[in-house]
Amino acid sequence: MTIIESSAVVNKSISEVYSFLSDLNNHQQLMPENIYNWSSTTDEARFTIQNMAKLVLKVSSRVKNTEIVIIPAEEAPFPVELKWTVSATDDGKTRVTHKISAELNMMMKMLASGPLQKLADHQTSKLQEI
């Protein structure tokens, strides 16, 4: 199992951050420019990664003001789970951790680890801007 993680502190309350992340419609704002054909609902998102694959993701679980777990709703190029965890800081901000867990064989690990880390970093960075 390959684990890719990115964390950030967001200058918003835990309920605001959790509410934003729990609605997959909002995740389009966190995506890099190589994502297109985006369509989503609160619980599901469909999109294409340029020159790679089409993905359909769905929320598999939500724990209010704690975590959101997202998994493929249809067959993906490899088994993957995206988990957002949120926790309050002492100064009223929110610590956010985005963890991508993927089952990658050695070849896929060489090809996908870098782009997955960039994705996780990009999404947590964009979340700080929103």
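Residues numbered from 1 in each chain as written. Predicted model: local features only at pLDDT ≥ 70, side-chain atom pairs only at ≥ 80, totals over all residues. Heavy atoms only, no water.

Asks: Please explain the pattern of salt bridges as it appears in this structure.
Replies: When their charged atoms lie close together, side chains carrying opposite charge are able to pair. Evaluated as defined, the whole model comprises 6 salt bridges. Between Arg62 and Asp43 there is a salt bridge, with the nearest N and O atoms lying 2.7 Å from each other. Of this pair, Arg62 sits in strand E4 (residues 53-63) while Asp43 is found in the loop between strand E2 (35-40) and strand E3 (44-49), placing the two residues 19 residues apart along the sequence. Looking at Arg62, the relative accessible area reads 35%, which means it is partly exposed. Accessibility expressed as a relative area gives 39% for Asp43, which makes it partly exposed. Here Lys126 and Glu129 are joined by a salt bridge, their closest N and O atoms 3.9 Å apart. Taken as a pair, Lys126 and Glu129 lie in helix H2 (residues 106-129) at a separation of 3 residues, close to a single helical turn. Residue classification places Glu129 among the exposed residues on the basis of a relative accessible area of 57%. Through salt bridges with shared partners, a single ionic network connects Glu44, Arg46 and Glu74. (Salt bridge = Lys/Arg side-chain N within 4 Å of Asp/Glu carboxyl O. Helix = DSSP H or I, 4+ residues; strand = E, 2+ residues; numbered from the N terminus. Buried < 20%, exposed > 50% of the residue type's maximum accessible area, 1.4 Å probe, protein only.)

Asks: In this structure, what is going on with a nonpolar patch on the surface? I would like to understand it.
Replies: Taken together, the side chains of Met106, Met107, Met110 and Leu111 present a nonpolar region at the surface, about 520 Å² in accessible area. Relative to the elements of secondary structure, Leu111 occurs in helix H2. (Patch = residues over 30% accessible without salt bridge, like charges linked within 9 Å, V, L, I, M, F, W, Y side chains within 5 Å. Areas by Shrake-Rupley, 256 points an atom, 1.4 Å probe, with all protein chains shown as cover.)

Such coordinate-based values are descriptive only and should not be taken to indicate function.
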